[in-house]
Amino acid sequence: MCNNTPCVIVEGSGRVADIIAQVANLSSSRITVSLIKNKLQNLFSESYDNFTEDQIIMWTKKIQDIVRMRSLLTILREEKVGDRGMDVAILQALLKASQNADNNGQENWDHQLKLAVSWNRPDIAQTQIFTEDWTWKPSDLYPSLTLSLIEDKPSFVRLFLERGVSLAEYLTRDTLTYLYNNTEPSSLIHSKLEREATVEGSKEIVLSTIELHHVSHVLQDLLGDLTEPLYRESKRKQRSMVQINIKSNGKVGAMKHREHQQLDHPVRDLLIWCIVQNRAEMADIFWNQTQDSVAGALACTKILKALSKEEEDSKEIEDMTALADLYEERAAGNINV
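Worth saying up front: this structure is predicted, and the values here are computed from it rather than measured.

This paragraph deals with the overall build of the protein. Looking only at helices and strands, the protein features 16 helices and two strands. Taken over 337 residues, the protein has a buried fraction of 44%. Relative to all contacts within the protein whose residues are 6 or more apart in sequence, the contacts with residues 24 or more apart total 65%. Total accessible area on the protein stands at roughly 18,200 Å², and carbon and sulfur atoms take up 47% of it.

Take the state of the cysteines next. One pass over the structure, following the stated rule, counts zero disulfides. Looking at cysteine 274, it has no disulfide partner, and the nearest cysteine sulfur is the one in cysteine 300, 9.2 Å off. Exposure remark for cysteine 300: the relative accessible area of 2% places this residue in the buried category.

Core analysis: the biggest nonpolar cluster contains 66 residues, and Leu149, Tyr180, Phe286 and Tyr327 have the highest contact counts within it. Once you skip the residues sitting within four places of it in the chain, tyrosine 180 turns out to touch His190, Leu193, Ile210, Leu212, Val215, Asp269, Ile272, Trp273 and Val276. Of all hydrophobic cores here, the second largest spans 19 residues; its members include Ile9, Val16, Ala17 and Ile36.

Turning next to helix H7 (residues 142–150). Because each turn of an α-helix spans 3.6 residues, side chains separated by three or four positions in sequence point in the same direction. Summarising burial for H7: seven of the nine residues are buried, a large majority. Along H7, the residues that are buried comprise Tyr142, Ser144, Leu145, Thr146, Ser148, Leu149 and Ile150. Contacts from the buried residues of H7 go to helix H5 (106–118), helix H8 (154–162), helix H9 (167–170), helix H10 (173–181), helix H13 (266–275) and helix H14 (280–287). One or two steps after H7, the chain reaches aspartate 152, where phi turns positive at roughly 60°.

A residue-level look at the protein finds 84% of positions with pLDDT of 70 or above and a mean pLDDT of 83. The secondary structure element of the protein with the lowest average pLDDT is helix H4 (residues 85–99), at 77, and the one with the highest is H14, at 97.

Now for unusual backbone geometry. Residue asparagine 4 is not a glycine yet carries a positive backbone phi of 65°. Turning to its location among the elements, asparagine 4 is positioned in the segment before strand S1 (7–10). The backbone of asparagine 278 shows a phi angle near 60°, a positive value even though the residue is not glycine. The exposure class assigned to asparagine 278 is buried, which follows from its relative accessible area of 12%.

Mapping leucine 141 onto the fold places it in the loop between helix H6 (122–129) and H7. According to the relative accessible area criterion, leucine 141 is buried, its value standing at 0%. Once you skip the residues sitting within four places of it in the chain, leucine 141 turns out to touch Leu113, Phe130, Trp136, Phe160, Arg163 and Val165.

This part takes up the pattern of salt bridges. The full count for this structure, using the stated rule, is 13 salt bridges. Between aspartate 65 and arginine 68 there is a salt bridge, with its nearest N and O atoms 2.7 Å apart. Here aspartate 65 pairs with arginine 68, and both are found in helix H3 (residues 53–68), just three residues apart, close to one helical turn. For aspartate 65, a relative accessible area of 39% puts it in the partly exposed group. With its nearest N and O atoms 3.4 Å apart, the salt bridge here joins arginine 232 to glutamate 228. Each member of the salt-bridge network shares a partner with another, and the members are Lys192, Asp221 and Glu310.

Attention shifts here to helix H1 (residues 16–23). In terms of burial, H1 is largely enclosed, as seven of its eight residues are buried. The complete set of buried residues in H1 reads Val16, Ala17, Asp18, Ile19, Ile20, Ala21 and Val23. Where H1 is buried, its residues meet S1, helix H2 (33–43), H3 and strand S2 (73–76).

Attention shifts here to the packing of H7 against H8. Contact pair H7 / H8: the axes reach a minimum separation of 8 Å and the direction vectors enclose 150°. Overall, the two elements H7 and H8 adopt an arrangement that is roughly antiparallel. Relative to H8, the crossing made by H7 is left-handed. Packed against H7, whose contacting residues are Ser144, Leu145, Ser148 and Leu149, the element H8 presents Phe156, Val157 and Phe160 at the interface.

Once that is clear, we can look at the packing of aromatic side chains. Describing an aromatic ring pair means giving the distance of the ring centres and the angle of the ring planes. The full count for this structure, using the stated rule, is seven aromatic pairs. Geometrically, the ring pair formed by phenylalanine 156 and phenylalanine 160 is tilted, given 5.8 Å between the ring centres and 45° between the ring planes. Of this pair, phenylalanine 156 and phenylalanine 160 are both found in helix H8, four residues apart, which corresponds to roughly one turn of the helix. A single burial state applies to phenylalanine 156 and to phenylalanine 160, both of which are buried.

Look at H14 against helix H16 (residues 314–331): their axes get within 12 Å of each other, and the N-to-C directions meet at 20°. When the axis of H14 is compared with that of H16, the two are roughly parallel. The hand of the H14/H16 crossing is right-handed. Residues Ala280, Ala283, Asp284 and Trp287 of H14 lie in contact with H16, whose contacting residues are Leu323, Tyr327 and Arg330. The residue makeup of the contact of H14 with H16, split by class, is five nonpolar, no polar and two charged.

Cut-offs used in this document
- Residues numbered from 1 in each chain as written.
- Predicted model: local features only at pLDDT ≥ 70, side-chain atom pairs only at ≥ 80, totals over all residues.
- Heavy atoms only, no water.
- Helix = DSSP H or I, 4+ residues; strand = E, 2+ residues; numbered from the N terminus.
- Buried < 20%, exposed > 50% of the residue type's maximum accessible area, 1.4 Å probe, protein only.
- Contact = heavy atoms within 4.5 Å.
- Areas by Shrake-Rupley, 256 points an atom, 1.4 Å probe, with all protein chains shown as cover.
- Disulfide = S-S within 2.5 Å.
- Core = buried A, V, L, I, M, F, W, Y, C linked by side-chain atoms within 4.5 Å.
- pLDDT = per-residue confidence, 0-100.
- Salt bridge = Lys/Arg side-chain N within 4 Å of Asp/Glu carboxyl O.
- Axes fitted to C-alpha atoms, helices over the stretch in contact; angles between N-to-C directions.
- Parallel < 35°, antiparallel > 145°, perpendicular 65-115°, else oblique.
- Left-handed = near helix turned anticlockwise from the far one by under 90°.
- Phe/Tyr/Trp six-rings, centres within 6.5 Å; stacked < 30°, edge-to-face > 60°.
- Nonpolar A, V, L, I, M, F, W, Y, C, P; charged D, E, K, R; others polar.

So, in structure tokens, the structure goes:
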């Protein structure tokens, strides 16, 4: 805690943790040596005689210091330990510490929201982040929406759409490029895209940036050569237009410049991005927003069937086949959504 690390004390876990939990609501002036001595005696009955007077004074001072740092201290009461209580307590401890930080501006609120996304707790975001303490513009949610897409958190994607995010405004060429570069490195689609990018580039480049025209070529391969290219290569070759750095783990670093070029069919583009990764629940969100749901379902079916023929993981093949069958049924109009 002296290093600004939030701390969760679990009441009922025993010994000093229980003492801190019992006195946490007291002012430091009321935490006296005699009070701590009494509690040590009750909780350390068998070994209490081993404590020296100096040790009791030392523990009293430490407990006083801990209680003073209220923004870093969270007490998890016994009755709340179950039902994911520990998860919530840890997240709330992080949020409380963040809320009491010196910087309480946009960056701080973004940090809190990203924590909630990473822990997949839209309920916490609703009750503790989307409050009257801060006014969120739809564009403020873009970074966390990107994180939710990459980490496959459909509940947050729904939440952000409910809060007014426009996919037409959100999804630029730059953003979609970033999303494709952040597909799971071990996935089939990432391998295909990486292979496409490397074929075009120098053989000396171990890992090339995946661009949208690479995505277009792979999709043409999956959908058939008669399919029109979805994304054509930009005529401008200046690398300053979009600068994306590939990290050593295959993930893409922060976008340094934003290319404000909107896409004509953002819902379709995000649906395809989900389908090539076999993300059923996330794909469902975007399929329900498509203008031509039948054409969308047919494309999803064809992509999934083509990918399943190349996939080596038996579980992935099973999931892809099941999802392909679902979209085939939707294309036939046999499923009401």
